[in-house]
Every structure is written in C-alpha cells, then in structure tokens.
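Fold and geometry: a report
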Amino acid sequence: MTLLWILLLPLLGSLVPVFTARWNRSACALATALPPAFALMLLLYHADAILAGGSVRFFQPWIPLLGLDITLILDGLAFLFALLILGIGLLIILYARYYLAPRDSMPRFYAYLMLFMTAMLGIVLSGNLLQLWLFWELTSISSFLLISFWWHKAEARRGARMALTVTGAGGLALLAAFLLIGQLVGSYDLQQVLASAELIQQHAWYPLILVLFLLGCFTKSAQFPFHFWLPNAMAAPTPVSAYLHSATMVKAGIFLLARFYPALSGTELWFVLVSITGLATLLIGAYLALFKHDLKGLLAYSTISHLGLITLLFGMGTDLAAVAGLFHIINHATFKASLFMAAGIIDHESGSRDMRKLNGLWQFMPITATLAMVAAAAMAGVPLLNGFLSKEMFFAETLHQHLLGSLSWVIPVLATVAGVFSVAYSMRFIHDVFFNGQPKGLTKTPHEPPRYMRVPVEVLVALCILVGLFPGYLIGDLLQAASQAVLPGEVPYYSLAIWHGFNLPLLMSVLALVGGTLIYVNRKHLFDFQNTLPDVDALNSFERGVKQFAERCSQLYQWLDSGSLQRYMTLTLLSFILLAGLPLTDLVTLWGGRAELPIDAVNATGATMLLIAAFATVVWHRKRVVALLMISVVGLMVSIAFTRFSAPDLALTQLSVEVVTIILLMLALFFLPHKTPKQSESSRVVRDLSVASMVGVIVGSLSYALMTRPFNSISDFFITNAKTGGGGTNVVNVILVDFRGFDTLGEITVLGIASLGIFKLLTRIPLFKPSSDGDGRPWALERHSLLLSTVSQSLLPLAVMVSIYIFFRGHNLPGGGFIAGLVTAVAIILQYIAQGVDWVKARMNVEYQRVVAVGLLIALATGAASWLFNRPFLTSWFDYFDLPVLGKLELASAIAFDLGVYVTVVGSTLLILASLGKMTTSHRPVHKETI
Amino acid sequence: METLVACCIGFLTACGIFLMLRGRTFPVMLGLTMLSYAVNLFIFTSGRLTLRGAAVLGTSEQYADPLPQALVLTAIVIGFAMTAFLVILAIRARADLGNDHVDGKLPDADVVRKESR
C-alpha cells in the first residue's frame, strides 16, 4: 500500500500548487515540495529491505481477463530510479522557486512538474507492461507541456512539438512491442515476462519485438539518429532541462533497457543494435558538443553523448558492463543536473547563455564558478570525482568486449576518442565561461544568485565529490541491489575503489585528459574546419519532413476519401471479390458430397418468378413505381421459399415485413422523384454489372458449397431442450425468447433506437409537399376510398384477434411476438391509409415512442425479475396449472418477454410509418424545445 | 434443388449490388432490400434445405435447423428498421440538399450538362 502512495502523492501534489497559488511564492513552493518529500520518506522506509536485495510488490486486479492489473514493484533498479526522481525533483522545486520570473505562472509550472514526476515514478514502479506504457506516454505529454511552458516563444512550441512527435512515435513502437510480448508470453505481468527470456528470444517475432522495443527506448533516450529532438527541447526553462533532459526522462529509455535486460538481451542482435547505436551516439554527441556556443546546447549534446555511453555499456554484454551502466546513470544524473542548474544561474544572472559573450565570470560569481567547475570536472572524468570512477569502469569494459570479432580493438580506441572530446568540451565550459578575458556585450552585470538558488547545486556537487571519494561506502549497496535486479543470476564481483593500480583504463583516462587539453588549446583550427561544413538545422528539416509527410497523407486520404459513395462501394466490393474469391479457387469442386433434393414444379415456378421479378426490378429501376411493384413480387417469392423449406415463422415474418416495407417505400416515393434520370455512362454500367455479377457468382457458389456439405449443427441441443428447458415446442420461438433471449433484447433495442432516430430525423424537416405526381397529374381529389375504409374498419378487430392468437400460440406453434406485432401494426397502418391521419388520431391518440419504451421496459423487467429469485438475468420459468374451465394451462415467463417484443415491434413500426405518413398532414412532428 | 436456390441467391445478390451502385437514393434502397433478401436466404440455407420439417416438436420426423431460422427472423425485422432509417435519411437529404444523389450533390458532369441545356 505504501507503494501506491509513493505514486499517488506526487499525483495529488500536482493539485497542491493550483490551490496554493494565492500564497506567496516560497509558501507555494514549500507546499508543493511536501507530497514528494513524503513520498521520498515512504521510499526510504523500504530502503533496508531493498538494499538487502529484496523487493516489494503491490497488486490490485482491475480487468484480469484483459491482463489489466495495477501492479507496482519496488526492487533495486526501481529504487535507484525512484530515488533520483524524487531527490532531484525536490531540488528542482527549490531551484525553480528562484529561477522562474514573477510573470511566469509558478503554479502551472509546478503542476506540470508534479504530473511529470508521477509519470516517471509510474514507469519505474510499474509491474505491468501496459501500465508501464501508459506512464511512458504520460511522460511524453507532460514533457510537452513543460518544454512549451514559455508558449509565447515560437522556438519553445516547435521544440515541444518535435519532442512530442519523436518520443510519441517511439511510444507507439513500444506499445507494439509490448503487445507482441504480451501475445507471446500470454501475460502482461512484468515478472512473468522477465522469466520468459528463452521463450521470447527463440520466437520468430523476436527481431521484430526487439526493433520496436529499441525504437521506443532510443527515441526517448535521444540516441542517434533520433537525438535531434533533445537540443531543440532546450527551449524549455532550465529547471526542466535539468530534471527531464539530464536526470530523468531521457534516462527512461535506458531504464527500459535495464528493466528488460534479463528478457531481451543476450543475443547477437541485441549486442549489435544496442552497442552500435550507443557508440555512434557517444561519438557524435561528444564531437558536436564542442562546437555549441549555447551553454545549454553544449550540455544537451554532452547529455546525448553520455546517454550513448550508457547505451553502449548495456549493449556490450560483458559481465560488469551493466553494472558500470547503472553506476554511470547515478553519476551522470548528479553532475549533469548540477551543470544545467549552474548554466541556468549564469543565464539568470548575466542575461545570456552564449559562450562567445560569456567570459571571465569567475570574478563576478566565484562560488557558482567553483561549483560548476567541480561538476564539469566530474563530467570530464577527472580523478577523485564520481565521473572518473564510472568512466574508468567503462574504459575497462570496452577492453573486455568481443563485439566486432577481430576488429573489437576499435571500440576502446573510439571510446578514448570520445573521452578526448568529452574533456575538451568540459574544458570549454570551464575556461570559456569563467576565464578567457572579459564578458562581451552582456546586458547586465553578472552577480551571484540568491543564496538558496545555489543550494541544489551545492548538494549535487557535494555528492559528486563524496561519491568520488567514498564510492563503496556511499552507493555500494544501492548499486549492488540495482545490479541484482538487472542481471539474471549472481552479480559478478567488482570493486568500487578509486585506485586500481597502473593499468590500461588508467592510461586511457590519462590519454583522454591530455588529448582533450590539446584539442581545446588548438580548438581554433577545429572550429574553422567545422564552420566550412554545411549547417544543418534539425528543427527546420524535421518540420519540413513532417509537412511533406502530412501532405502525402492528405493526398492519399483525398484519393481514398473522394466523397463518392459509389466509389467506396466499388472498392469494398472489389476487395470482397479478392478476399472471398481467391480461397474459392483452391476448392477442386463446389459440390460437397450431400445429395441434392429433387426439384418439383412449385419450387421451379417460384424460382422462375423470383428471377424474372428481380431482373425486371433492375431493368425498370428508373421507373420507380414499377420497380417497387416488381420487388414486392421478389419479397413474396422469398416468403414462399421460406414456407417450402420448413420455416413457417420466417414466412409469416417475411410476409408481414414485406407489406410494411412496400408501404414505406410507397410513402417515400411521395417525397422523392418518381423517375431516376439516366446518368451513368455506359462504361460505368459495364463496370457495375461486372462487379455485381462477380459478387453474385461468388455468393451463389459459396451458398451452393455450403448447402451441399454435410454438417453437425449445434441445434440438436435446442431441439432436445426446447420442451424440457424452455417449455415450448416451437423451437425457433424458444430460441428467440429463451435460449438467446439476450440477443433478442438487443435486437428489439436496435429496432427501438432506429425508430426513434427516424422520428428525430423527421422533426423540423423543411416542408415540401409535391402537389402532383411525377407526370404532372394532380393527386386524386377523393382522398380516401369508401370501399377501402369500410373493409378496413371491419378488418381491424379481426386482425387484432388474429395477432393475439398468433402471439399466444407462438411458443408452441409458428407465431410469436415479432409476427403478432407486425400483424397488428399492419392492421393499424391500414386504418391510416384508409381513413387518414385525422380520423385515426381522433380515435387512438397514442405517442408511439412511449409504446416503444413500454415494450422495452416490459422485456427488461422480465429479464430483471429473475434476479429476484437469485437467478441470472433472463432466466426463464414455466409451469403447468390446472385451472377450472380452462383446463391444463402452461404459464411461462417467456410469454411476458415476448409481450415486450410484441409491444416494441408494434410501437417501432407504427412510429416509423405514422411519422412519415403524418408528414403530409398538420400532425407532422415538430421539434419542441423542452427546458 | 440446391443448385436452383444457389442460383437464386447469387442472382438476387448481383441485382441488389447493381442497384446499390446506382447514383440515386431510391434504387439504392431497392438494392439494399434485394440484397437483404439474398443475405437472409443465404443465412437461412446455411442450415441446409429441409422439406416438410418445421422445427415444431412433434410434427415431423426430421427437423429443419432452427438456429439460422431464429437468426434470420430477427434479421428480417432489423433489416426493415435499417431500410426504414435509410429511407427517411434519403427523404431528409432530399429536403435539405435539394437532390436525391447519394453523395448529396450532383456530379460535376451532370451540372455542366444541365447548364448547357
């Protein structure tokens, strides 16, 4: 539970600055610092257990079926990172209090910072892959907000966009990798994944998974070739750079490398990809850092280079490389964060970050200068400071690797070269800024910062020195615990001593120091050479690239989404032809071995009529009324087919729906043109005909192949249990109201929604009322035929009686709620047609939308009633009663459910048709604004 | 018999699709109706053809498969609801947009032809 609080406290903390915004700045900063301080205490509370090699776990199931749980794990690695995040975070809060100008919104800054802190803690503490990914993306988003904190600067907005695009895209790749891993391992639980190294690495997906995973890591940790976003993110306020871009966020990628080291590393592919990327980043970053005139630019490239160094360590695969990597993570975080803060102080107190202007600051700010010099020396790897120790370990490991076979000796050489440049740019940071003459063209006279602004730098620099002097004593246990979490099996022995005797790594360090000094002294030639190279503006080319990509996409989109329905349908159908047609070509014969039924005269006649009517519909489709008549013949033939092939329920349904549909289309013709103009060119007709006939051929063949194959239906279950379990002999009806009652409930809901949608579509429709038919003939004067109205009146009670009969017998004989509802609806519609809306309205003033609601409620209530008896939703019940007069009677709860179906069908059908019919009268639905 | 039924289903599908590919709303509605006949028959016949075997217990020796029948029964009713929705949408589109083309506007060639008249 304490683990959850470590995560929740900073999250709650993001609200604190919002509420304390009215207090003075120091109080607001102090209040903001409290939640992370408590979280840090909670973390330290676990310190003993963790440093002894244990781990703490928090588990809360959420949606176990999807593998979504809230799992938190605090082991050595997570502890190390959480310590950095919370510790440096607290220092940053203090620092930002003095850094931010009065016009900057401090609460906003702190709120974003706390959000980011939560996200980072979430990454390092997560014990579930999907949960980890969520926090991963949250860091991208919160860092976007932080980088664009000064949103009035175009540079900040562009830099933030770029960082979000690059890290966000990497995050998607990471998600893909996680999903693949989840599929492979069968769980998103981190511990299970880490234990499945063999399974993952031997699977065919491993290269894909690894590449996607590394894309996520490398984009986040600014590895070459994705490093370009980091220098541009320097538009952020300096506390952000110190926190996100040196100590925490850019380390998230490296954290993942370490986290998944047990599961993904150990293969040739891992070593090649990770080490080459790390090496390239190390060299490029170190080289470019020397030429940056902006203080933060120099630090940014130096960060890239150090991140490359750590990546290279994780890619080398020697025993101690991972340990050295972890050690360097700690050291880099301390010296780089303090250097960023020092750069921020210089910027703050002298008004510039340009090293061409900043010179000789020693005389103005000696204390800050001393602090910065110590930190820069640690960065260069000067002995007695922490940077020296991890760099020594790095050099030592480069000597032990065998990555490039016989060419492996190149790596230590290149590592020394990178060390040379690292010394050179560190010297530039010290010498150019604090010595080297007098400041040029500064707008204000530099001076020391406020006392407490320096405190965070002092703390970190003190750590650099102390760790440099007493490494084993200070962080030995922490490093051991973290290494245990990363390395499978035993952690090999290593020594954190300062002095290892005269050996090759020491020689490399000395070479780096001497070479770096030489290069720095002769930097003029190198600068001249660098100036002759074309200057690549990463931001502009990136934005150009993004713009071109977006244009390509919109071209593709416009090609696909041309706004033409006919085109979409043709494309969809063509893909259907491909997808369904190709597998059919694999079949040798369509016939599946089942004997065909003989053709009799009735069926042959029916089929012929159906074919002729369908053909006639197509031929006469421009004469709409004729086409409508023809299609009704098709529908009639279909219902006859249902009768012939033993589906009386379907035949009854089809017949009544047919009536309703034709009436509906007739009504529609009142509002639509009666003729379709000839529009399609002949070529289009040919195209459509060929597409249609190809689809027809495929569907027909599929249907034939299906029908002639013998099969075992699951329906035997329904037939066996219909009477005993559902209490009815009409199996179709029992399936509808009992076995698959829940489906039916969904279906009548859809019906109700569709009718309500229609009702709403018809309100406020612009009124137009054609006064004549398509040929210009006026409508008949006599509105309602006497014959029809007389017949229909006497028909109504009869029809209602029939529908009640059909309803009640439905459970045992063909019939049921659907059919009875349709019959009733048809009978009532007939009244509308024969007598007119006014006549019906006067006698039966019902709002059909209420009927739909009542029907759905009846069905729902029937389902819910089974809860009263502690049964699952829609459990049916039936029993037999011996009643006087009526005799033995069966009562089933399914009847009540069927009643709901009946009422819904009646209501929906009438709502649809009556709403449309009323359009021509004064009863048209109008939109009523209700308050 | 199966051959005949399969031919009918294929032909209904082809007719329905051809009509659905037309440019005006009314033929599209006819096409959709026709296609739903075809689809309903297709699903129904996936339970194989049975003569004189209605799935009412105690009325025959061999029962037709009741499951596709139950599926198709609701499909018919929902198909009606969807057709109705489409019809009303078409009417509304005609009222709001002034034409009954499926894209809501007449194709350019058509406009030109009209203007040149």
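Here goes a summary of the coordinates provided. (Residues numbered from 1 in each chain as written. Chains lettered and ligands numbered in written order. Predicted model: local features only at pLDDT ≥ 70, side-chain atom pairs only at ≥ 80, totals over all residues. Heavy atoms only, no water.)

1. Quick look at the overall build of chain A
- Within chain A one finds 39 helices and four strands.
- Scored against the burial criterion, the 931 residues of chain A give a buried share of 54%.
- Long-range contacts, defined here as pairs at least 24 residues apart, represent 78% of the contacts in chain A between residues at least 6 apart.
- Split by element, the accessible area of chain A, about 40,400 Å² in all, is 69% carbon and sulfur. (Helix = DSSP H or I, 4+ residues; strand = E, 2+ residues; numbered from the N terminus. Buried < 20%, exposed > 50% of the residue type's maximum accessible area, 1.4 Å probe, protein only. Contact = heavy atoms within 4.5 Å. Areas by Shrake-Rupley, 256 points an atom, 1.4 Å probe, with all protein chains shown as cover.)

2. Some points on the side chain of Thr 661 of chain A
- Inspection of the secondary structure puts Thr 661 of chain A in helix α30 (residues 648-671).
- Overall, the relative accessible area of 6% leaves Thr 661 of chain A in the buried class.
- Other than its neighbours up to four places away in sequence, Thr 661 of chain A contacts Thr 33 and Phe 80 of chain B.

3. Concerning the packing of helix α14 (residues 249-259) of chain A against helix α17 (residues 295-316) of chain A
All names here are of chain A.
- The N-to-C vectors of α14 and α17 enclose an angle of 0°; their axes lie 10 Å apart at closest approach. In terms of orientation, α14 lies roughly parallel with respect to α17. Every residue of α17 that contacts α14 at Val 250, Lys 251, Ile 254, Leu 257 and Ala 258 is listed here: Thr 303, Leu 307, Ile 310, Thr 311 and Phe 314.
- Looking at the contact of α14 with α17 residue by residue, the class counts come to seven nonpolar, two polar and one charged. (Axes fitted to C-alpha atoms, helices over the stretch in contact; angles between N-to-C directions. Parallel < 35°, antiparallel > 145°, perpendicular 65-115°, else oblique. Nonpolar A, V, L, I, M, F, W, Y, C, P; charged D, E, K, R; others polar.)

4. So, the pairing of strand β2 (residues 68-74) of chain A
- In terms of burial, β2 of chain A is a largely internal element, five of the seven residues being buried.
- Hairpin remark: strand β1 (residues 56-63) of chain A followed by β2 of chain A, antiparallel, with four residues in the connecting loop; positive phi at Gly 67 of chain A, about 75°. (Pairing = 2+ DSSP bridges.)

5. Some details on the pattern of salt bridges
All names here are of chain A.
- Taken as a whole and judged by the stated rule, the model has 20 salt bridges over all chains.
- As a salt-bridge pair, Glu 543 and Arg 158 come within 3.0 Å of each other at their nearest N and O atoms. With Glu 543 in helix α26 (residues 538-560) and Arg 158 in helix α8 (residues 154-185), this residue pair connects regions lying 385 residues apart in the sequence.
- Assessed through its relative accessible area of 24%, Glu 543 is described here as partly exposed.
- Judged by relative accessible area, which is 24%, Arg 158 ranks as partly exposed.
- A salt bridge links Asp 347 to Arg 353, with the shortest nitrogen-to-oxygen separation between them at 3.8 Å.
- Counted as one network, the salt bridges with shared partners bring together Glu 448, Arg 451, Arg 454 and Glu 458. (Salt bridge = Lys/Arg side-chain N within 4 Å of Asp/Glu carboxyl O.)

6. Quick notes on helix α20 (residues 386-400) of chain A
- The terminal C-alpha atoms of α20 of chain A lie 22 Å apart, and with 15 residues this matches the ideal 21 Å at 1.5 Å per residue to within 8%.
- Counting buried positions along α20 of chain A yields 13 of 15 residues, so the element is predominantly enclosed. (Expected span 1.5 Å × (residues − 1).)

7. A short note on the pairing of β1 of chain A
- The pairing of β1 of chain A with β2 of chain A spans seven bridges and is antiparallel. Paired with Arg 57 of chain A across the strands is Ile 73 of chain A, a residue of β2 of chain A.

8. Quick word on the side chain of Thr 277 of chain A
All names here are of chain A.
- Structurally, Thr 277 is set in helix α16 (residues 268-289).
- A polar contact is formed between the side chain of Thr 277 and the backbone oxygen of Leu 273, at a distance of 2.5 Å.
- Ignoring any residue separated from it by four or fewer positions in sequence, one finds Thr 277 in contact with Phe 218, Gln 223 and Phe 224. (Polar contact = N/O pair within 3.5 Å; in protein donor to acceptor, adjacent residues only side chain to side chain.)

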